[in-house]
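Breakdown of the fold
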Amino acid sequence: MKKYTRIWIQLLKNSFSSTLSNRIDSASYFFGKLIRFGFFWLLIISIFNFTETFAGYSTYQVLFFFLTFNLIDILGQIFFRGIYLFSSDVRKGNFDFTLTKPVPALFLTMSRLIDLLDIIFILPIVGLLVYAGIQLPVTITIGAILVYLFLVLLATVLSFTFHVIIAAATIWSFENENFIWLYREAMTLGRLPPDIFPVLLQYILTYGIPIIVMIAYPVNALFGLLSVGDMLFAGVITLLFIAVSLVLWKIALRSYSSASS
Amino acid sequence: MIKKYFTTFSTTLSETYTYRAQTLVWVLNSIAWVAVFPFVWLTVYGQRESIAGFERAALFTYFFLVPTIDIFINSWVYESMQHMIKDGSVVNYVQKPINYIGYMFSRARGWQTSQTVITILISGVLYLFLHPYLAFPAPNWQLLWFIPVAAVGIMVAFLFGTIIGLISFFTTEGGWLKHFWWMLTTIASGYLIPIQFFPSGLQHILSFTPFPLILQTPIFTLLNRMSVSEIVFQLFVGLIWIIGLSVAVYALWHNGSKRFDSIGI
């Protein structure tokens, strides 16, 4: 664990140097991200010009869904952004160098690209989560906060498993940009309370692509709306996805033909 | 003269057929992005039949058409332009007896034509399930206005995309520009919500911009929600913008290709 932390911190330092060397570009890119975020925030506020409640939730409850989505999305970006370089590595044969290093290939594949801006961006998200949490019309207990944080951790693990499945698919198809964007677009279905979707879609987003487990479960746990059975289900489905993704990764690695072979 | 651009167009069509899985995933991405909004607004409608003069079925039909019209008209040409300028491959086109902007336009139309066909096929399947919730107008001659509206919309979107792409001649990182462009088109062309839901002052300002032509105006034309005079006014605004944007594209290409420095030149 210590070794992995050391490597990750070194990669973070590299990212820090890269961000500093492109100060204007980084600042403007960050500004663009903030605008994108602020724009959706405004959209949610605008929705409440037409209605008192949204699927039974108040303004700050809906904002809490949106902020939790952002938190989980950014955690995935911080730790697994390396996936964006993976298809290029596979196509050009650079993945051979990753395989020869004395570090698990999966770890290096996921973490070899870190964007400092993601780490900076998480600060306003956490600040707004605290702000929205204070405004919520329900009483939040310490226990509910702990369950919320635990389920966010599970969501990050689930995000990892999706990234692993995409990495495996990349080895087979040599292409991952569209897969990763499909995953990220699908994730955006979790920006708002899942109650707005038809029941069939809710089932798919719970049991098939568990986006509801990743985003709505932590939020509902905080609101005191999640049953113990649902919490156990979140744990079981996370374990299942870990197992499936790692098996797929191993199978994909076996079928990888290096550039030199 | 035109033949080389048509060849580019047909070659790109074949290319998309070769990479059809990629094209399909790309189309699914576009549909996934917009899929949430009908549900959002249907939840907002609740038991009400109409908000801001928009009936529930009309709004659902609007969002049903968004992916097809977006893929057909909008332009993502800046992605490949930025890439070509960054890796230097744009130099190949400076030397060839083909206009780079024309070449990129033919390629973009090639990609978008095949993507539009796939989107129409997917929408056709969805129509079988969703038709009780949709409300299309009966066929009428006014629908023919869609042709000039789409043509102007395509030109406006392409020229804006080209400007964003060519700015890469002057900056190393154009990602922030893409964010700005995304944000502008998302708000101002009617992706999240028809502009009709905006305050009247903002609607008035947007009617002088080319953004509605990229999405809302073509959809409203198909849904018969605009009078002929409103369509003509939008076309007139669009044509003025096309002239201005063409001048900007020419200036950017002229100055950018002059200052461009590539190994081997």
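Since this is a predicted model, take the numbers as computed values, not measurements.

Thoughts on the overall build of chain A
- Looking only at helices and strands, one finds twelve helices and zero strands in chain A.
- Along chain A, from the amino end to the carboxyl end, the secondary structure elements read α-α-α-α-α-α-α-α-α-α-α-α.
- By the compact-globule yardstick of 18 Å for 261 residues, chain A fits well, its C-alpha radius of gyration being 19 Å.
- Seen along its three principal axes, the alpha-carbon backbone of chain A occupies a region of about 65 × 45 × 35 Å.

Re the overall build of chain B
- In terms of helices and strands, chain B carries twelve helices and two strands.
- Each helix and strand of chain B, ordered N terminal to C terminal, gives the series α-α-β-β-α-α-α-α-α-α-α-α-α-α.
- Computed over the C-alpha atoms, the radius of gyration of chain B is 20 Å, within 12% of the 18 Å expected from 2.2 N^0.38 for a compact globule of 265 residues.
- If one aligns the C-alpha atoms of chain B with their principal axes, the spans along those axes are about 65 × 40 × 35 Å.
- Put simply, chain B has 265 residues, and 34% of those count as buried.
- The long-range share in chain B, meaning contacts at least 24 apart out of those at least 6 apart in sequence, stands at 82%.

Section: the interface of chain B and chain A
- With 23 residues of chain B at the contact, the number on the chain A side is 28 residues.
- For the side of chain B that touches chain A, the secondary-structure elements that each account for two or more residues are helix 2 (20–45) and helix 8 (175–188) of chain B.
- Ranked by residue count, the leading element in the side of chain B that touches chain A is helix 2 of chain B, at twelve residues.

Observations regarding unusual backbone geometry
- The backbone of A55(A) shows a phi angle near 55°, a positive value even though the residue is not glycine.
- Here A55(A) is to be found in the loop between helix 2 (23–47) and helix 3 (59–80).
- Positive phi, normally seen in glycine, also occurs at N224(B), with a value near 60°.
- In this structure, N224(B) sits in the loop between helix 11 (216–222) and helix 12 (228–259).
- On the basis of neighbour count, N224(B) is assigned to the partly exposed category, with 14 C-beta atoms found within 10 Å.

Concerning the environment of S246(B)
Residue and element names in this part refer to chain B.
- When you line up the elements, S246 lands in helix 12.
- Of the residues examined, S246 has 14 C-beta atoms within 10 Å and is grouped as partly exposed.
- Residues S246 and R259, 13 residues apart in the sequence, show an inter-C-alpha distance of 20 Å.

Things to note about the nonpolar core
- Membership of the largest hydrophobic core comes to 107 residues, with the highest contact counts inside it found for F65(A), L151(A), A155(A), I215(A), Y217(A), V156(B) and F158(B).
- By residue number, the principal contributor to this core is helix 8 (residues 142–173) of chain A, which donates 14 residues.
- Dropping the residues within four chain positions of it, A155(A) is found in contact with I72(A), M214(A), I215(A) and P218(A).

Re the packing of helix 8 of chain A against helix 11 (residues 211–222) of chain A
Residue and element names in this part refer to chain A.
- The contact between helix 8 and helix 11 brings their axes to 8 Å, and the two run at 175°. With respect to helix 11, the axis of helix 8 lies roughly antiparallel. Judged by residue contacts, A144, I145, V147, Y148, L151, V152, A155, L158 and S159 of helix 8 engage V213, M214, I215, Y217, P218, A221 and L222 from helix 11.
- Taken together, the residues of the contact of helix 8 with helix 11 break down into 15 nonpolar, one polar and no charged.

Notes on the packing of helix 4 (residues 77–87) of chain B against helix 7 (residues 146–166) of chain B
Residue and element names in this part refer to chain B.
- Interaxial distance between helix 4 and helix 7 falls to 8 Å at its minimum, and their mutual angle equals 25°. One way to sum up the angle between helix 4 and helix 7 is to call them roughly parallel. The handedness of the crossing between helix 4 and helix 7 is right-handed. Where helix 4 approaches helix 7, its residues V77, Y78, M81 and Q82 are matched on the opposing element by F158, G161, T162, I164, G165 and L166.
- Here the residues of the contact of helix 4 with helix 7 sort into six nonpolar, four polar and no charged.

A look at helix 4 of chain B
Residues and elements named next belong to chain B.
- Among all positions of helix 4, only V77, Y78, M81, Q82 and I85 are buried. Buried positions in helix 4, seen along its axis, are confined to an arc of 125° and lie on one side of it.
- Of the residues flanking the end of helix 4, it is G88, one or two places downstream, whose phi is positive at about 85°.

So, the confidence of the model for chain B
- Overall, the predicted model of chain B reaches an average pLDDT of 86, with 97% of residues at or above 70.
- Interface confidence for the predicted complex, expressed as ipTM, amounts to 0.73; the pTM equals 0.80.

Side note on the confidence of the model for chain A
- Chain-level pLDDT for chain A is 87 on average; 96% of the residues reach the 70-or-more range.
- For chain A, per-element mean pLDDT is lowest for helix 2 of chain A, which scores 77, and highest for helix 11 of chain A, which scores 95.

Section: helix 12 (residues 228–255) of chain A
Residues and elements named next belong to chain A.
- Helix length check: helix 12, at 28 residues, gives a terminal C-alpha distance of 41 Å against a target of 40 Å (1.5 Å per residue), a fit within 8%.
- Within helix 12 the residues assigned to the buried category are A234, T238, F241 and S245.
- Residues of helix 12 that are buried in the fold lie against helix 8 and helix 11.

Considering the environment of I47(A)
Residue and element names in this part refer to chain A.
- Along the chain, I47 falls in helix 2.
- A count of 18 C-beta atoms within 10 Å places I47 in the partly exposed class.
- C-alpha separation for the pair I47 and T59, spaced twelve residues apart in sequence, amounts to 8.9 Å.

Brief notes about the environment of P132(B)
- Relative to the helices and strands, P132(B) resides in the loop between helix 6 (100–130) and helix 7.
- Between the C-alpha atom of P132(B) and that of V149(B), which follows or precedes it by 17 residues, the distance is 28 Å.

What counts as what
- Residues numbered from 1 in each chain as written.
- Chains lettered and ligands numbered in written order.
- Predicted model: local features only at pLDDT ≥ 70, side-chain atom pairs only at ≥ 80, totals over all residues.
- Helix = DSSP H or I, 4+ residues; strand = E, 2+ residues; numbered from the N terminus.
- Rg over C-alpha atoms; globule rule 2.2 N^0.38 Å.
- Buried ≥ 20, exposed ≤ 12 C-beta atoms within 10 Å, placed from the backbone.
- Contact = placed C-beta atoms within 7 Å.
- Core = buried A, V, L, I, M, F, W, Y, C linked by C-beta atoms within 7 Å.
- Axes fitted to C-alpha atoms, helices over the stretch in contact; angles between N-to-C directions.
- Parallel < 35°, antiparallel > 145°, perpendicular 65-115°, else oblique.
- Nonpolar A, V, L, I, M, F, W, Y, C, P; charged D, E, K, R; others polar.
- Left-handed = near helix turned anticlockwise from the far one by under 90°.
- Arc of directions from axis to C-beta.
- pLDDT = per-residue confidence, 0-100.
- Expected span 1.5 Å × (residues − 1).

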